[in-house]
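Understanding the architecture of this molecule
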Amino acid sequence: MVPVWRILAGLCACLSVRLAGAETLRVGPGEAITTIADASRQARDGDVVEIVAASYRGDVAVWDQRKLTIRGVSGRPRVVADGQSAEGKGIWVMRGGDIEVVNLAFEGARGRNLDGSGIRLEAGHLRVRDCLFVDNEMGIMTENQSGISLEVEDSEFAHGVLLPRPRISHLLYAGRIDRLDVTGSYFHHGRIGHLLKSRAAVSRVSYSRFSDEAGGQASYEMDFPEGGEVALLGNIVWQGAATENRRLIAFGAEGLRGERHELVMVANTLVDDVPGGGEFVAIWTPERVRVVAVDNLLLGGCVGTLCPDAVFPREQEAAPGWTRLSGQGNLQLHDAVQVAAWIDRGLRPVAGEPAPLRPPEGESRLQPDREFVLPVGTRPTGRRDVPGALGL
């Protein structure tokens, strides 16, 4: 009998040979491969798939390679569902080992269960960078499966779909996966559903913007329904007057799952446009949650039991050192006046003694060094003499 170790060594050697001989497959009008679906069947582990900028209608695909890079070239290709879906789930279904998707637009996903996704992630690690998701029932949706991790960078999620109740449209929905990382991304114009919903064991959201904008009517801007380890750093969270829910950020609304639950919020700007005020953060079962919040800037009204002391009334937003809104543009500090006295010492731990300010597990620091810029991306921040997501 051949030892197991020798069989595994042979498999690894074969994979190494395959990766060493990786190819670049080019897809597009006039190319040898004209459809994305054909490329998904021809690509092998380690290949690079280049998709030439064009509109690919009804060109849905399943990707299950162990390692793969898929990128748009010569502009941003549009992958439009046009009534089609892979396995009834969405435009692309991904269940590989380590896949990167760069510079593509996913539009119009519809599914047989009203959860058609621009991308449906069912296994492995997926990194999405510089992509657009618009008019999908779900922008990205994952399975409820351990071993999955999702990383989103410099991408835009927009215009959810009004679905028959009780189904709702989330712009990004991470199920019970190991980890979700979101950086430098823009979520806006939700419809009834949440801009971001995560059941991941670990969720890290940094330097991103979540805002209803004119005509948007999302529910929560961010929802962590089963708790977990959540860190929010340097984000702009802006709830509009037409929201379906008076809470900006929700934690544990469907019951805490597992034993470790913490919410760490550092240098975020939270803006509430709800008439009469809403709740900036709502935490269910607070006695089981470690809460740390510092240097957050809160603008708007506030109702309920979780209102911190340091909330800037919107009617005073033009005062020196406060924050003003500039149309649909970035929030801007228009005065260098120090407002350190107004640094958010609220959002205090709801139960027990004040929690020490320490990074979440696996993180080395809490001090922000970047800020979000429209439409997507980040830049190094200026001085941090004021609370909130923006430097001077």
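Residues numbered from 1 in each chain as written. Predicted model: local features only at pLDDT ≥ 70, side-chain atom pairs only at ≥ 80, totals over all residues. Heavy atoms only, no water.

Along the chain, the regular secondary structure elements total two helices and 34 strands. Burial statistics for the chain: of 392 residues in total, 56% are counted as buried. Relative to all contacts within the chain whose residues are 6 or more apart in sequence, the contacts with residues 24 or more apart total 68%. Surface exposure of the chain reaches about 16,000 Å², of which carbon and sulfur atoms provide 50%. (Helix = DSSP H or I, 4+ residues; strand = E, 2+ residues; numbered from the N terminus. Buried < 20%, exposed > 50% of the residue type's maximum accessible area, 1.4 Å probe, protein only. Contact = heavy atoms within 4.5 Å. Areas by Shrake-Rupley, 256 points an atom, 1.4 Å probe, with all protein chains shown as cover.)

The next subject is the packing of aromatic side chains. A ring pair, where both rings are aromatic, is described by two values, the distance of the centres and the angle of the planes. Per the stated rule, a full pass over the model turns up seven aromatic pairs. Measuring from ring centre to ring centre gives 4.6 Å for Phe187 and Phe210, while their planes differ by 10°; the resulting arrangement is stacked. Of the two residues, Phe187 sits in strand E18 (residues 186-188) while Phe210 sits in strand E21 (residues 209-211), which places them 23 residues apart along the sequence. A network of ring pairs unites the aromatic residues Trp63, Trp92, Phe106, Phe133, Phe157, Phe187 and Phe210 as a single cluster. (Phe/Tyr/Trp six-rings, centres within 6.5 Å; stacked < 30°, edge-to-face > 60°.)

Within the largest apolar cluster, 68 residues are counted, with the highest numbers of intra-cluster contacts made by Trp63, Ile70 and Trp92. Ranked by size, the runner-up nonpolar core spans six residues in total, among them Tyr207, Val264, Ala267 and Val292. (Core = buried A, V, L, I, M, F, W, Y, C linked by side-chain atoms within 4.5 Å.)

Take the sheet that holds strand E30 (residues 297-300) next. Strand order in this open sheet of ten strands is E3-E6-E9-E12-E15-E18-E21-E24-E27-E30, and the pairing throughout is parallel. On the outer flanks of this sheet lie strand E3 (55-57) and E30, each paired with one strand and no other. Here the average twist between neighbouring strands, direction ignored, is 10°. Inspection of the sheet shows strand E24 (residues 236-239) paired to strand E27 (residues 269-272) by four bridges, in the parallel sense. For Gln239, the partnering residue across the bridge sits in E27 and is Asp272. (Pairing = 2+ DSSP bridges. Axes fitted to C-alpha atoms, helices over the stretch in contact; angles between N-to-C directions.)

Further remarks concern the sheet that holds strand E29 (residues 290-294). The strand order E1-E2-E5-E8-E11-E14-E17-E20-E23-E26-E29 describes an open sheet built from eleven strands, whose pairing is parallel. Here the strands that pair on one side only, and so sit at the sheet edges, are strand E1 (24-27) and E29. Across this sheet, the average inter-strand angle for adjacent strands is 10°, counted without regard to direction. In terms of strand pairing, strand E2 (residues 48-52) meets strand E5 (residues 67-73) through five bridges, oriented parallel. Each residue of the ladder has a partner; that of Ile51, found in E5, is Gly72.

Here the focus is the environment of Leu126. Among the structural elements, Leu126 can be located in strand E11 (residues 125-129). Leu126 gets classed as buried once you look at its relative accessible area, which sits at 1%.

Bringing the confidence of the model for the chain into the picture now. For the chain, the average pLDDT comes to 81, and 77% of its residues sit at 70 or higher. Scored below 50 in pLDDT, residues 11-18 shows five contacts in the model against residues more than four places distant or in partner chains. Counting interchain partners and residues more than four positions distant, the pLDDT-below-50 stretch residues 309-358 has 113 contacts. (pLDDT = per-residue confidence, 0-100.)

Let's shift gears to the pattern of salt bridges. Tallied over the full model, the rule gives 29 salt bridges. One salt bridge connects Arg41 with Asp38, and the closest N-O pair in it is separated by 2.5 Å. With Arg41 and Asp38 both in helix H2 (residues 36-42) and three residues apart, the pair spans about one turn of that helix. Residue class for Asp38 comes out partly exposed when judged on its relative accessible area of 28%. (Salt bridge = Lys/Arg side-chain N within 4 Å of Asp/Glu carboxyl O.)

Turning our eyes to something else, we now look at the side chain of Asn268. Structurally, the position occupied by Asn268 is in the loop between strand E26 (262-266) and E27. By relative accessible area, which is 1% here, Asn268 ends up buried. A distance of 3.0 Å separates the side chain of Asn268 from the backbone oxygen of Leu232, its partner in a polar contact. At 3.3 Å, the side chain of Asn268 forms a polar contact with the backbone nitrogen of Gly234. (Polar contact = N/O pair within 3.5 Å; in protein donor to acceptor, adjacent residues only side chain to side chain.)

With that settled, consider the side chain of Ser211. One can find Ser211 in strand E21. At a separation of 2.6 Å, a polar atom in the side chain of Ser211 contacts the side chain of Glu213. Those residues in contact with Ser211, other than ones at most four positions away along the chain, are Tyr186, Phe187, His188, His189, Leu195, Glu221 and Trp238.

In this model, Leu374 is joined to Pro375 through a cis peptide bond whose omega is -5°. Looking at the element boundaries, Pro375 is found in the loop between strand E33 (370-372) and strand E34 (378-380). We note that Glu87 has phi near 55°; this positive angle belongs to a residue other than glycine. By secondary structure assignment, the location of Glu87 is in the loop between strand E6 (78-80) and strand E7 (90-94).

Burial analysis of strand E23 (residues 229-233) places five of its five residues in the buried class, the great majority of the element. Both faces of E23 are covered, namely the face carrying Glu229, Ala231 and Leu233 and the face carrying Val230 and Leu232. When strand E20 (residues 202-206) meets E23, the two strands line up parallel, connected through five bridges. Among the inter-strand pairings, Arg204 is bridged to a residue of E23, identified as Ala231. As defined by bridge partners, E23 adjoins E26 across five bridges and the pair is classed as parallel.

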